[in-house]
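Structure at a glance
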Amino acid sequence: MGIFLKQNWKGVALLCLSILLIIIGVLRGEPATVLQKAIHICMECIGIG
Amino acid sequence: MAKKRGILRHWFQAAFFALTNGYVVGFLTGKIYQGNTKALCVPGLNCYSCPGALGSCPIGALQSILDSRTFTVSAYVFGFLMGFGALFGRFVCGWLCPFGLVQDLLYKIPFVKKVKNLPGHKYLRYFRYVVLVLFVLLLPAVIVDITGMGKPWFCEYICPSGTLFAGIPLVATNPDLQGAVGGLFIWKVSLLVLTGLLSVISYRPFCKYVCPLGAIYGWFNPVALYRYTVDPDKCTECSACKKVCKMDIDVWKHPNSPDCIRCGDCKNTCPENAISSTLDKMLHKNKK
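These numbers come from a predicted model, not from an experiment.

Cut-offs used in this document
- Residues numbered from 1 in each chain as written.
- Chains lettered and ligands numbered in written order.
- Predicted model: local features only at pLDDT ≥ 70, side-chain atom pairs only at ≥ 80, totals over all residues.
- Heavy atoms only, no water.
- Domains from an automatic or database assignment.
- Contact = heavy atoms within 4.5 Å.
- Buried area = accessible area lost by both parts, 1.4 Å probe.
- Axes fitted to C-alpha atoms, helices over the stretch in contact; angles between N-to-C directions.
- Helix = DSSP H or I, 4+ residues; strand = E, 2+ residues; numbered from the N terminus.
- Parallel < 35°, antiparallel > 145°, perpendicular 65-115°, else oblique.
- Left-handed = near helix turned anticlockwise from the far one by under 90°.
- Nonpolar A, V, L, I, M, F, W, Y, C, P; charged D, E, K, R; others polar.
- Buried < 20%, exposed > 50% of the residue type's maximum accessible area, 1.4 Å probe, protein only.
- Polar contact = N/O pair within 3.5 Å; in protein donor to acceptor, adjacent residues only side chain to side chain.
- Salt bridge = Lys/Arg side-chain N within 4 Å of Asp/Glu carboxyl O.
- Core = buried A, V, L, I, M, F, W, Y, C linked by side-chain atoms within 4.5 Å.

**Regarding the domain arrangement of chain B**
All names here are of chain B. For chain B, the domain assignment lists domain 1 (2-220) and domain 2 (229-287). Once you take the C-alpha centre of each, domain 1 and domain 2 turn out to be 27 Å apart. Facing the 18 residues of domain 1 at the interface are 13 residues of domain 2. Of the roughly 1,500 Å² buried between domain 1 and domain 2 on both sides combined, carbon and sulfur atoms contribute 52%.

Laid out in structure tokens, this is it:
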């Protein structure tokens, strides 16, 4: 485990930071905005406008 | 052996597409899945308006946050992007992206003269960063209407993946949408056809020159948990890796280039077995 962390500390640190960012995003209520957009057909995305 | 591994990769790509686009009813009825899993991002460029999609495209999700009235930055989507990047880097492009699979398959179509790169490759390879900054980050956040809402510029004007996996299936099966087809749809289908034609001639032109998601994951290649190393004691600098690399990378010099999509062709071709991934090393160690 020690060697793994030593060789991959940058990746592990970024992974921890990513989890922190996701938690912050959840606390800010961002998933609801993503969900709201994703459950309706995005007219712009499919080229209808 | 290398060919067998290439086929294995395509099966893996197809299986991952089926897993993340498993709402088959959507393809038959011209409707999209509306469950809660859509609040989660999938790693690849997989439009959330694809009838089968069970998750959200990170680029689409990022734009939906940026062009909303409530938020100006997205910790949530950047978290997903950073997480996928830190774990896999551009392994996502090579193994998990549905539009990557489409380009891989198109490149298998025989053509009189295949070219490794398109003309202007030296400069064109930076165009994906322009697309990322301009169409994904800046325009959706800056150009807003009187209500404070912006537009998903990349999805609306560029993304051929959205046209292929969402636009065409929905328009084909949903009569209400057929009546609304206009100039924008023709523009997007034209871009898709152009991308498809270029993919027959050259390997993955969209990934090389346009994809903003690949641009982001590319930055993580040198630090991701899944990355490549070249053993200097084994490497004879024969350049076999560069010759086989369809992304045109000097793998023996830059094993973690931001252009590398981790297809594994170089690893499978190296006559000295000098190239290995962190996963190979871990499995090898466990075998010992």
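**Looking at the packing of helix 4 (residues 75-88) of chain B against helix 14 (residues 212-220) of chain B**
Pairs of packed helices are described in terms of their axes, by the angle between the two and the distance that separates them. Residues and elements named next belong to chain B. Between helix 4 and helix 14, whose axes approach to 8 Å, the crossing angle comes to 50 degrees. The orientation of helix 4 relative to helix 14 falls into the category oblique. Between helix 4 and helix 14 the crossing geometry is right-handed. Residues L81, M82, F84, G85 and A86 of helix 4 form the contact with helix 14, whose participating residues are L213, I216, Y217 and F220. When grouped by side-chain class, the residues that make up the contact of helix 4 with helix 14 number 8 nonpolar, 1 polar and no charged.

**Details of the side chain of N256(B)**
Residues and elements named next belong to chain B. Summarising the element assignment, N256 is placed in the loop between helix 15 (240-244) and helix 16 (265-269). Of the residues examined, N256 reaches a relative accessible area of 17% and is grouped as buried. Of note is the side chain of N256, whose polar atom sits 3.0 Å from the backbone nitrogen of Y228. When residues no more than four places from it in sequence are discounted, the contact partners of N256 are N221, P222, R227, Y228 and R262.

**Focus on the interface of chain B and chain A**
How big an interface is tends to be reported as the loss of accessible area on association of its parts. Contacts between the two partners involve 51 residues from chain B and, on the opposite side, 36 residues from chain A. Taken together, both faces of the contact between chain B and chain A bury some 3,500 Å²; the carbon and sulfur share is 74%. Remark: the boundary between chain B and chain A carries 0 salt bridges. Where chain B meets chain A, there are 12 residue pairs in polar contact (both at pLDDT 80 or more). Contributing elements (two or more residues each) for the side of chain B that touches chain A: helix 3 (58-66), helix 4, helix 9 (153-157), helix 10 (160-173), helix 12 (183-201) and helix 17 (278-287) of chain B. In the side of chain B that touches chain A, the residues fall into 31 nonpolar, 15 polar and 5 charged.

**Here we look at the nonpolar core**
Nonpolar side chains in soluble globular proteins tend to be buried together. Counting 67 residues, the largest nonpolar core has L45(B), I59(B), V77(B), F154(B) and I275(B) as its most contacted members. Residue assignment places this core across two domains, with domain 1 (2-220) and domain 2 (229-287) of chain B each supplying three or more. Setting aside its immediate chain neighbours within four residues, L45(B) contacts C57(B), I59(B), C97(B), P98(B), F154(B), C159(B), S161(B), F206(B), C211(B) and L213(B). Formed by 14 residues, the second largest nonpolar core is a distinct cluster that contains C45(A), C47(B), A166(B) and L170(B).

**Section: the environment of Y23(B)**
Residues and elements named next belong to chain B. For Y23, the location among the structural elements is in the loop between helix 1 (2-20) and helix 2 (24-29). According to the relative accessible area criterion, Y23 is partly exposed, its value standing at 26%. Put simply, Y23 and F111 are 88 residues apart on the chain and 35 Å apart in space, counted from C-alpha to C-alpha. In contact with Y23, other than residues within four places in its own chain, are K31, I32, Y33, P51, G52 and L54.

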